[in-house]
Number of protein chains: 2
Amino acid sequence: MTIKLGLLGFGTVASGIPFLLEENGEKITAAAKRQIEIAKVLVKDDEEKNRLLAAGHDYHFVTSIDEIVSDDSIDIVVELMGRIEPAKTFITKALEAGKHVVSANKDLIASHGKELISLAQEKQLAFYYEAAVAGGIPILRTLANSLTSDKITRILGVLNGTSNFMLTKMVDEGWSYEDALKTAQELGYAESDPTNDVEGIDAAYKAVILSQFGFGMTICLEDVTHKGISTISTDDVAVAQQLGYVIKLIVSIEETPSGLFAEVSPSFVPKSHPLASVNGVMNAVFVESIGIGQSMYYGPGAGQKPTATSVVADIVRIARRLNDATVGKAFNEFTRETTIADLSDVKSRYYFAIETPDKKGQLLRLAEIFNAENISFEQVLQHKANGETARVVIVTHEMSKTALANVTAKLADVVEFKVLNSFKVLGE
Amino acid sequence: MTIKLGLLGFGTVASGIPFLLEENGEKITAAAKRQIEIAKVLVKDDEEKNRLLAAGHDYHFVTSIDEIVSDDSIDIVVELMGRIEPAKTFITKALEAGKHVVSANKDLIASHGKELISLAQEKQLAFYYEAAVAGGIPILRTLANSLTSDKITRILGVLNGTSNFMLTKMVDEGWSYEDALKTAQELGYAESDPTNDVEGIDAAYKAVILSQFGFGMTICLEDVTHKGISTISTDDVAVAQQLGYVIKLIVSIEETPSGLFAEVSPSFVPKSHPLASVNGVMNAVFVESIGIGQSMYYGPGAGQKPTATSVVADIVRIARRLNDATVGKAFNEFTRETTIADLSDVKSRYYFAIETPDKKGQLLRLAEIFNAENISFEQVLQHKANGETARVVIVTHEMSKTALANVTAKLADVVEFKVLNSFKVLGE
């Protein structure tokens, strides 16, 4: 029996679905053991409908969600609209009407996933969203299936293509942040308001979803500390290079003795680390675990065909489960009590770039301040003295977030010291 | 109800299983919705049994396969003996006795997988072997589940940890092949007879299995052209470096218009390619497809805990399927008619290192020979002239395997030209 889809939205990703159903129909049909057919497509209004029809898109376009949820022939609703509303209302309606749902909407799932997942569970319906994290990389299903046997201790990710594209240009070609942003906007990688991408908010949404699949814990966006790339200077990039690192915007989720800690922050990544060579708009998820040790999953983080591939994989999965009469299991079945880490348990090395007056004894004063917090130095560079100010670069040994907050506050109290930047430094 | 395991063999990998069941028991039990217990362990003889008991291993050791296959309480037989026999006979007995089987035995599955898979299908039993390819990387299940929606065009892999460790030493530290082999043997990465690893045979086994999962085709070991790393010289390594490449032993499986082509060969990999930074004993599978485009799966290719993690993932999968009463599906359900590529359809760029007499006109003669086969040059370097012989390095534009065979034969006919080496050159 044919599986009938109702698509919500017909933007870039949605139009990748017919591409795959056509170009790879034989394999998809064999895997699903059913034909898959786009029955109806919801668009905003008659204007959009007429424009799409005129452009040669031969679908049954509708302008009301009710025409989809009340259609008994439709099995799966595929939400590709993005943003919170009306997507949330439409998905809720679809689930209430007994439709399985596939979505690529990370904002929605990170913010309201819990209630939608509960509703799907209650109705014994599938609610899958592989495309919501790292577009083309099948990371969620891999965590849910293959890594069930493993205990994950940390997930590191390059999960925002826009900022990674910009950082790649800044690192490889010495561009400034402003030039990189301008080009990203011209190429359509960055929106006119780039805040979500460059400030790490988009990546934080993904951290929320990865926390569920990797650690069984449901955290909120507010639990994810985030810091973006807009303060990274060409000096920071140059120092990183000199010390054997590249700067990346890294999602980090780790389990400490007291609980989970998730953050998005620019980080020094050793050049020999697999994440260091994830360039341009590519994404990667690097998993540390007690069994496998280190593994990495690399691919495009967005784009029409990669995202559509993940969406169709979800559709095939639902078809298979319908055939087996096992539909209705949660996408992620791994759940534990959620506990948030005490900041004194969260440890890392840090890079500091500090501007000081160019006179004797400043390094000693700095060393005293760090020493008072029990922070020791791994590397110190002093350069760019111009007779008035000097720039001191410090890479510390491992220290806690608490120590970081303390030392940052103390440094702020000294008028002559200006902390230009401080970033995490990853190990090999 | 508890799932009871019968382990065949208690070597390195097998002892990783109790580690995982203990350290990650809660998650594994929750995922399997059952306890998992090692009921019996088959060892070779009483001597091994007594040695293991004396070493504190508290299992029910048996020395006859019949004690396992005739034990009705055992659900899953886990084969970790390696080699073809007696593993093949024991797995056959287990399947015939109605046991599900998990194996990590690539040699066996590549050579006799077809008949064992048929037997498992006929008996409606699970026969899973995630650990057989790239140990800790969950590549087979990812191909079978997540990539069903995608059409794969080529798989490239670094799949032999031993030779990759050796090549990493040769590339990064300028070691000779002999020194690298000696160290690999001392570290236990290479066996005293290293043929299977260094000649690409081990990687060819993995190519056979990947061909099934990635392309739905069942090829034989004989269908996989293989060439090892023993002929790679320090000159080759240096030239690769100079031209912006690193040399890796690459498994390549591609679909051409006439059919599938699989080979294992030393290849020049551009430094910017994700496979170039897969170093040491790590493995990676790089997938090119019409949907995702490029994705890569990276992790340890062997080792106790990584391999055991894949084995336990298979066990959990069987438990889940038993709960759902859907056990008995083939691990890989993607099958198509197997067709082998015509060599004229298999195209690549190539590197040639050729020794010529150090006198005028040799490059012209070489150019004529290549030109006669319609092969054009992308890069030519002439160096190391010592008054008697010169060394010419050529990187060609794309050419077919047929042209490669022809030009190689013609060069062999010219007494003065000695082809020192010729390797594939991958694109970005």
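Given the structure is predicted, the values throughout are model-derived calculations rather than measurements.

About the criteria used
Residue numbers run consecutively from 1 along every chain, following the written order of its sequence. Ligands are numbered from 1 and chains lettered from A, in the order in which they are written. Residues qualify for local features only when their pLDDT is at least 70, as the model is predicted, and side-chain atom pairs are given and counted only at 80 or more; totals for whole chains, interfaces and linings, by contrast, use all residues. Hydrogens and water are ignored here; the side-chain numbers use all heavy atoms of the structure. All copies are superposed by least squares; the fitting set is the C-alpha atoms of residues with a pLDDT of at least 70 in both. Contacts are residue-level and defined by heavy atoms, with any inter-residue pair within 4.5 Å sufficient. Centre distance within 6.5 Å is the pairing criterion for rings of Phe, Tyr and Trp, where only the six-membered ring of Trp is used; planes under 30 degrees apart are then read as stacked, over 60 as edge-to-face, and the remainder as tilted. Strands here are runs of E lasting at least two residues and helices are runs of H or I lasting at least four, both read from the DSSP assignment and numbered beginning at the N terminus. Partly exposed residues are those whose accessible area sits between 20% and 50% of the maximum for their type, while under 20% is buried and over 50% is exposed, using a 1.4 Å probe and protein chains only. Axes here refer to lines fitted to C-alpha atoms; in helices the fit is confined to the stretch in contact. Angles between the N-to-C directions go from 0 to 180 degrees. Note on angle classes: values under 35 degrees are labelled roughly parallel, values over 145 roughly antiparallel, values of 65 to 115 roughly perpendicular, and the remainder oblique. Each crossing is labelled by how the near helix is turned from the far one, with a counterclockwise turn of less than a right angle marking it left-handed and a clockwise turn marking it right-handed. Classes in brief: Ala, Val, Leu, Ile, Met, Phe, Trp, Tyr, Cys and Pro nonpolar; Asp, Glu, Lys and Arg charged; the others, Gly included, polar. Domain start and end points were adopted from an automatic or database domain assignment. Buried area: the accessible surface (1.4 Å probe) lost by two parts on joining, summed over both. Salt bridge, as used here: a side-chain nitrogen of Lys or Arg that lies within 4 Å of a carboxyl oxygen of Asp or Glu. Pairing of N or O atoms within 3.5 Å defines a polar contact, subject to two protein rules: one partner must be a possible hydrogen donor and the other a possible acceptor, and residues neighboring in sequence count only if both atoms are side-chain atoms. Pairs of strands are assigned from DSSP output, requiring at least two bridges between the strands. In this text, buried Ala, Val, Leu, Ile, Met, Phe, Trp, Tyr and Cys residues form a nonpolar core when linked through side-chain atoms within 4.5 Å. What a helix is expected to span follows from its residue count: subtract one and scale by 1.5 Å. UniProt positions are given in the numbering used here, feature names are shortened, and annotations may be inferred rather than shown by experiment. Note that patches include only residues with greater than 30% relative accessible area and no salt bridge, and the join distances are 9 Å for like charges and 5 Å for nonpolar side chains (Val, Leu, Ile, Met, Phe, Trp, Tyr). Computed by Shrake-Rupley with a 1.4 Å probe, the accessible areas treat only the displayed protein chains as cover when residues are assessed.

Moving on to the relation of the copies chain A and chain B. For the pair chain A and chain B, the relating rotation is 180°, the translation along its axis is 0.0 Å, and the fit reaches an RMSD of 0.0 Å. Considering both components of the superposition, the chain copies are consistent with a two-fold axis. Every residue of chain A has its C-alpha some distance from the rotation axis, and the shortest such distance is that of A:Y297, at 2.4 Å. By residue overlap, the copies meet face to face through one surface: 100% of the interface positions of chain A are interface positions in chain B.

Okay, the packing of aromatic side chains next. The geometry of an aromatic ring pair is captured by the separation of the ring centres together with the interplanar angle, meaning the angle of the planes. Residue and element names in this part refer to chain A. All told, the structure shown has 30 aromatic pairs over all chains when counted by the stated rule. Summarising the aromatic geometry, the rings of Y129 and F331 are spaced 5.1 Å apart at their centres and angled 85° between planes, so their arrangement reads as edge-to-face. Of the two residues, Y129 sits in the loop between β6 (127–128) and α7 (139–145) while F331 sits in the loop between α13 (304–324) and β13 (347–357), which places them 202 residues apart along the sequence. The pair Y129 / F331 is uniform in exposure class, with both members buried. Plain terms: the ring middles of Y351 and F423 are 5.8 Å apart, the flat faces sit at 15° to each other, and that makes the pair stacked. Of the two residues, Y351 sits in strand β13 while F423 sits in strand β17 (residues 418–425), which places them 72 residues apart along the sequence. For the pair Y351 and F423, one class covers both residues: buried. An aromatic cluster of three or more residues is present, and its members are F127, Y128, Y129, F213 and F331.

A separate point is the packing of helix α8 (residues 161–173) of chain A against helix α9 (residues 177–186) of chain A. Residues and elements named next belong to chain A. Relative to each other, α8 and α9 sit at 135°, their axes nearing to 9 Å. In terms of orientation, α8 lies oblique with respect to α9. Helix-helix and strand crossings are classified by hand; for α8 and α9 the assignment is right-handed. Of α9, the residues touching α8 (which contributes F165, M166 and M170) are Y177, A180, L181, T183 and A184. A breakdown of the residues in the contact of α8 with α9 according to their chemical character gives seven nonpolar, one polar and no charged.

A word on the domain arrangement of chain A. Residue and element names in this part refer to chain A. Under the domain assignment, chain A is made up of domain 1 (2–136 + 304–324), domain 2 (139–300) and domain 3 (347–425). Taken together, the contact pairs 18 residues of domain 2 with 16 residues of domain 3. Around 1,500 Å² of area is buried between domain 2 and domain 3 when both sides are counted, 49% of it from carbon and sulfur atoms. Linking domain 2 with domain 3 are four salt bridges. Here E263 and K424 are joined by a salt bridge, their closest N and O atoms 2.9 Å apart. Between domain 2 and domain 3 we count nine residue pairs in polar contact (both at pLDDT 80 or more) in total. No other element matches the six residues that strand β10 (residues 259–270) contributes to the side of domain 2 that touches domain 3.

So, on to the interface of chain A and chain B. Many authors give the size of an interface as the accessible area that is lost as the parts come together. Between chain A and chain B, the contact holds 49 residues from the first and 49 residues from the second. Carbon and sulfur atoms make up 53% of the area that chain A and chain B hide from each other, which totals about 4,200 Å². Of all residues in chain A, A:K27, A:S149 and A:Y298 bury the most surface against chain B, accounting for 16% of the area lost on that side. Here chain A is connected to chain B by four salt bridges. Residues B:K329 and A:D324 are paired through a salt bridge, measuring 2.8 Å at the closest nitrogen-oxygen approach. Ranked by residues supplied to the side of chain A that touches chain B, first place goes to α13(A) with 10 residues. Here the side of chain A that touches chain B is composed, by residue class, of 21 nonpolar, 15 polar and 13 charged. Pairing analysis gives three bridges linking strand β12 (residues 294–300) of chain A to strand β12 (residues 294–300) of chain B, with the strands arranged antiparallel. Bridging from a neighbouring strand, A:Y298 pairs with B:M296 of β12(B).

Take the nonpolar core next. A general feature of soluble globular proteins is that nonpolar side chains tend to end up buried together. Judged by nonpolar contacts, the single largest core of 266 residues is most densely connected at A:I17, A:V78, A:L275, B:I17, B:V78, B:I139 and B:L275. With sequence-adjacent residues up to four places away left out, B:V78 is seen in contact with B:L5, B:G6, B:L7, B:L8, B:I17, B:V102, B:V311 and B:I315.

The subject of this paragraph is the environment of B:F417. All names here are of chain B. Relative to the assigned elements, F417 resides in the loop between α15 (401–413) and β17 (418–425). When its relative accessible area of 5% is taken as the criterion, F417 is described as buried. Distance from F417 to L52, taken between C-alpha atoms, is 59 Å for residues 365 residues apart in sequence. Filtering out sequence-adjacent residues up to four positions away, F417 remains in contact with I354, E355, T356, P357, Q362, R365, L366, I369 and L411.

This paragraph deals with the packing of helix α14 (residues 362–372) of chain B against α15(B). Residues and elements named next belong to chain B. One way to put it is that α14 packs onto α15 with a least axis distance of 9 Å and a crossing angle of 145°. In this structure, α14 meets α15 at a crossing whose hand is right-handed. Residue-level inspection shows L366, I369 and F370 of α14 in contact with α15, the latter providing V407, K410 and L411. Tallied by class, residues from the contact of α14 with α15 come to five nonpolar, no polar and one charged.

Glancing now at helix α1 (residues 12–23) of chain A. All names here are of chain A. Under the 1.5 Å per step criterion, the end-to-end length of α1 is 17 Å for 12 residues, consistent within 8% with the ideal 16 Å. For α1, every residue scored as buried is listed here: V13, A14, G16, I17, P18, L20 and L21. Among the structural elements, β1 (3–8), α2 (25–32), β2 (36–42), β4 (76–79) and α13 are those in contact with the buried residues of α1.

Residues and elements named next belong to chain A. Reading across from one edge, β3-β2-β1-β4-β5-β6 is the order of the six strands in this open sheet, with parallel pairing throughout. Strand pairing shows two members of the sheet lacking a second neighbour, β3 (61–62) and β6, which therefore form its edges. Relative to the sheet, α1 contacts β1, β2 and β4, its axis offset from that of β2 by approximately 160°.

Our focus in this paragraph is the pattern of salt bridges. Under the criterion given, the structure shown has 46 salt bridges over all chains. Between A:E373 and A:K410 there is a salt bridge, with the nearest N and O atoms lying 2.7 Å from each other. Highlighted residues: A:E373 in the loop between α14 (362–372) and β14 (377–383) and A:K410 in helix α15 (residues 401–413), separated in sequence by 37 residues. With its nearest N and O atoms 3.4 Å apart, the salt bridge here joins B:K88 to B:E115.

All names here are of chain A. Residues annotated in UniProt with the feature "binding site: NADPH" (unreviewed entry) correspond here to K106. Take K106: it is sitting in helix α6 (residues 106–122). Given a relative accessible area of 18%, K106 falls into the buried group. Residues within four places of K106 in sequence aside, it is in contact with A132, D202, Y205, K206 and I209.

A word on a nonpolar patch on the surface. Among the surface-exposed residues, A:L187, A:Y189 and A:V281 lie close enough to one another that they form a single nonpolar patch of about 250 Å² accessible area. As for its placement among the helices and strands, A:L187 is situated in the loop between α9 and α10 (195–198).

Our focus in this paragraph is the UniProt feature "binding site: L-homoserine" (unreviewed entry) in chain A. All names here are of chain A. What UniProt calls "binding site: L-homoserine" (unreviewed entry) maps, in this numbering, to E191. Note on E191: relative accessible area 46%, which makes it partly exposed. Ignoring anything within four residues of it in the chain, the contact list for E191 reads R83 and Q185.

This brings us to the environment of A:T234. With respect to the element layout, A:T234 can be found in helix α12 (residues 234–243). Remark: the alpha-carbon pair of A:T234 and A:E186, spanning 48 residues in sequence, is separated by 21 Å.

Let us now look at the side chain of A:S289. Residue and element names in this part refer to chain A. Summarising the element assignment, S289 is placed in strand β11 (residues 282–289). There is a polar contact of 2.6 Å between the side chain of S289 and the side chain of D150. Beyond its immediate chain neighbours, meaning those up to four positions away, S289 contacts D150, K151, I152 and T153.

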